[in-house]
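Observations on chain architecture
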Amino acid sequence: MAASGKLSTCRLPPLPTIREIIKLLRLQAAKQLSQNFLLDLRLTDKIVRKAGNLTNAYVYEVGPGPGGITRSILNADVAELLVVEKDTRFIPGLQMLSDAAPGKLRIVHGDVLTFKVEKAFSESLKRPWEDDPPNVHIIGNLPFSVSTPLIIKWLENISCRDGPFVYGRTQMTLTFQKEVAERLAANTGSKQRSRLSVMAQYLCNVRHIFTIPGQAFVPKPEFFSFGTWTGSPCFSACRWPIVGPCDHVDVGVVHFTPLIQPKIEQPFKLVEKVVQNVFQFRRKYCHRGLRMLFPEAQRLESTGRLLELADIDPTLRPRQLSISHFKSLCDVYRKMCDEDPQLFAYNFREELKRRKSKNEEKEEDDAENYRL
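As a convention, each chain's residues are numbered from 1 in the sequence order in which they are written. Since the coordinates come from a predicted model, pLDDT governs what is reported: local features require at least 70, and pairs of side-chain atoms require 80 or more to be given and counted, while whole-chain, interface and lining totals use all residues. Side-chain numbers here rest on the full set of heavy atoms in the structure, without hydrogens or water.

1. A few points about the sheet that holds strand 9 (residues 251-258)
As a reminder, the rule being used: At least two DSSP bridges between two strands are required for those strands to pair. The numbering of helices and of strands both runs from the N terminus, where a helix is a DSSP run of H or I of at least 4 residues and a strand a run of E of at least 2. Interaxial angle, 0 to 180 degrees, is taken between N-to-C directions of lines fitted to C-alpha atoms, where a helix line uses only the stretch in contact. We call two residues in contact whenever any of their non-hydrogen atoms come within 4.5 Å of each other.
Read across the open sheet, the seven strands follow the order 4-3-2-5-6-9-7; overall the sheet is mixed. Pairing within the sheet leaves two strands with one partner each, and these edge strands are strand 4 (105-109) and strand 7 (204-212). Adjacent strand axes in the sheet meet at a mean angle of 20°, parallel and antiparallel pairs treated alike. Here strand 3 (residues 80-85) runs beside strand 4; their pairing, made up of five bridges, is parallel. The residue bridging Val84 from the neighbouring strand is Val108, located in strand 4. Sitting on the sheet, helix 5 (residues 144-160) touches strand 2 (58-62), strand 5 (136-140), strand 6 (171-177), strand 7 and strand 9, and the angle it makes with strand 6 is about 150°.

2. Things to note about the pattern of salt bridges
Filter applied, for reference: Salt bridge, as applied in this entry: a Lys or Arg side-chain nitrogen positioned within 4 Å of an Asp or Glu carboxyl oxygen.
Per the stated rule, a full pass over the model turns up 14 salt bridges. The shortest N-O distance in the salt bridge between Glu156 and Lys269 comes to 3.5 Å. Residue Glu156 is located in helix 5, and its partner Lys269 is located in helix 8 (residues 268-279); the two are separated by 113 residues in the primary sequence. Taken together, the shared-partner salt bridges connect Glu156, Lys269 and Glu272 into one network.

3. Quick notes on the nonpolar core
To keep it simple, the criterion reads: Definition of nonpolar core: a set of buried residues of the types Ala, Val, Leu, Ile, Met, Phe, Trp, Tyr and Cys, connected through side-chain atoms within 4.5 Å. Throughout this description, buried means an accessible area under 20% of the type-specific maximum (1.4 Å probe, protein chains only), exposed means over 50%, and partly exposed covers the range between.
Ranked by internal contacts, the top residues of the largest apolar core, which has 64 residues, are Tyr60, Leu155, Leu174, Phe176, Phe256 and Phe326. Of the residues forming this core, the biggest block, eight residues, is contributed by helix 11 (residues 323-339). When sequence neighbours within four positions are dropped, the list of residues in contact with Phe256 reads Ile151, Thr170, Gln171, Met172, Leu174, Phe176, Leu184, Ala200, Cys204, Asn205 and Val206. Counting 29 residues, the second-largest nonpolar core is a separate cluster that includes Val78, Leu94, Ala101 and Phe217.

4. Remarks on the packing of helix 10 (residues 299-310) against helix 11
How we decide: Working rule for angles: under 35 degrees goes down as roughly parallel, over 145 as roughly antiparallel, 65 to 115 as roughly perpendicular, anything else as oblique. Throughout, a crossing is termed right-handed when the near helix is turned clockwise from the far one, and left-handed when it is turned anticlockwise from it by less than a right angle. Gly is placed with the polar residues, together with every amino acid not listed as nonpolar (Ala, Val, Leu, Ile, Met, Phe, Trp, Tyr, Cys and Pro) or charged (Asp, Glu, Lys and Arg).
For the pair helix 10 and helix 11, the least separation of the axes is 9 Å and the interaxial angle reads 130°. As judged from the angle between their axes, helix 10 and helix 11 are oblique. Judged by the sense of rotation from one axis to the other, the crossing of helix 10 with helix 11 is right-handed. Contact residues: helix 10 offers Ser302, Arg305, Leu306, Leu309 and Ala310, while helix 11 offers Ser328, Leu329, Val332, Tyr333, Met336 and Glu339. Looking at the contact of helix 10 with helix 11, its residues break down into seven nonpolar, two polar and two charged.

5. Re the packing of aromatic side chains
How two aromatic rings sit relative to each other is set out by the distance from centre to centre and by the angle between their planes. The condition is simple: Two rings from Phe, Tyr or Trp (for Trp, the six-membered ring) form a pair when their centres are within 6.5 Å of each other. A pair whose planes differ by under 30 degrees is stacked, one over 60 is edge-to-face, and the rest are tilted.
Going through the model one piece at a time under the given rule, you end up with seven aromatic pairs. Look at Tyr58 and Phe121: their rings are 5.9 Å apart centre to centre, the planes differ by 70°, and that puts the pair in the edge-to-face class. With Tyr58 in strand 2 and Phe121 in the loop between strand 4 and strand 5, this residue pair connects regions lying 63 residues apart in the sequence. One aromatic cluster is present, built from ring pairs that chain together Tyr58, Phe121 and Tyr167.

6. Examining helix 8
Keep this limit in mind: For a helix, the expected span equals 1.5 Å multiplied by the number of residues minus one.
Here helix 8 contains twelve residues, and its C-alpha end-to-end distance of 16 Å stays within 8% of the 16 Å for a straight helix at 1.5 Å per residue. The buried fraction of helix 8 is high, at eleven of twelve residues. Listed as buried for helix 8 are Phe268, Leu270, Val271, Glu272, Lys273, Val274, Val275, Gln276, Asn277, Val278 and Phe279.

7. Overview of helix 5
Across its 17 residues, helix 5 extends 25 Å between first and last C-alpha, which sits within 8% of the 24 Å expected from 1.5 Å per residue. Here helix 5 lies mainly inside the structure; twelve of its 17 residues are buried. Arg161 lies just past helix 5 and shows a positive phi near 55°.

8. Things to note about the confidence of the model for the protein
The predicted coordinates of low-pLDDT regions are not to be read in fine detail. This is how the line gets drawn: Confidence per residue, as judged by the predictor, is encoded in pLDDT with a range of 0 to 100.
Residues at a pLDDT of 70 or more form 80% of the protein, whose mean pLDDT is 85. Confidence drops under pLDDT 50 across residues 1-9; counting only partners more than four residues distant or on other chains, this segment forms 22 contacts. Counting interchain partners and residues more than four positions distant, the pLDDT-below-50 stretch residues 226-246 has 50 contacts.

9. A look at the environment of Ser72
Mapped onto the elements, Ser72 comes out in helix 3 (residues 68-75). Residue class for Ser72 comes out buried when judged on its relative accessible area of 1%. It is 5.2 Å that separates the C-alpha atoms of Ser72 and Asp45, two residues lying 27 residues apart in sequence.

10. Description of the environment of Lys269
Judged by relative accessible area, Lys269 falls into the partly exposed class, the value being 28%. Residues Lys269 and Glu156 lie 113 residues apart in sequence; the distance between their C-alpha atoms is 8.3 Å.

Quick look at the structure:
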């Protein structure tokens, strides 16, 4: 829940401003890491307020950079703040904050995609999944290049109740490219509705709580064109057109609270596969993508059976399918996989590769025979 009112009066001692630290340490945002610094403490304070009541909380901040949000979290009178930063250039500035808040700030040089946060805090903080969320929070101003693979990783962690969610229904307050934030929170029928919408909303209550204008960042963030995320064989990240360097984007702040009961009670990888196949032809009727769940020999028959048993209109567009529609599709597809244990392993792209390879071999044989 978002806390109202001001941050705690337990403030850090006077320190150089973030802008002064950047100048002192000669820091520059690395474009290849899609880094953007948020220097306005009024905005970082707002992000922290929207995370909820952090008094005596245990907070995991991802990608602290020069420490803007880090300061606001420490000013919220947390019990402990753990920051994980991959870029060694930022460690001295963070150490300055640690010295100003003895015993409050723990700094780890590491990669958020591989860091084992489940071992970072005390076992005593764990709560049963059915209880209120634990006194553990995740907050971060994420580089665009890592935001989508990281949230997918954490969504899978929610499904399995591991990683940061061994403590219970850990809440997350994270920044994304505005268009990605809109997709995460998009309702059924919205033009922004995507596979990311479904994957997030079947597991979490998702709220796009506010937008930060791009000019608040140094440098102003540019469009990040997402390709296929290779962390999962069947999830492609959102795709955006590559635009010129003068096109800047705003940033959306999104709050996630894991649901006590997921809206689709099937394995994450199965849900991911069904959703990915539906949205790969997002402008076509939904049956077009669902066909790719099945080998060519049984494609038409099996697709018809899936749609009939799930009671889905085959002429609905992907963005018109609700979470309950996807639940029906996943439940029926699971039964079909149980009947045919080899079905889930089927990947139509692999079938296309094999067919292409056979055609190339045949062409080579034909060419050899012609020469003979």
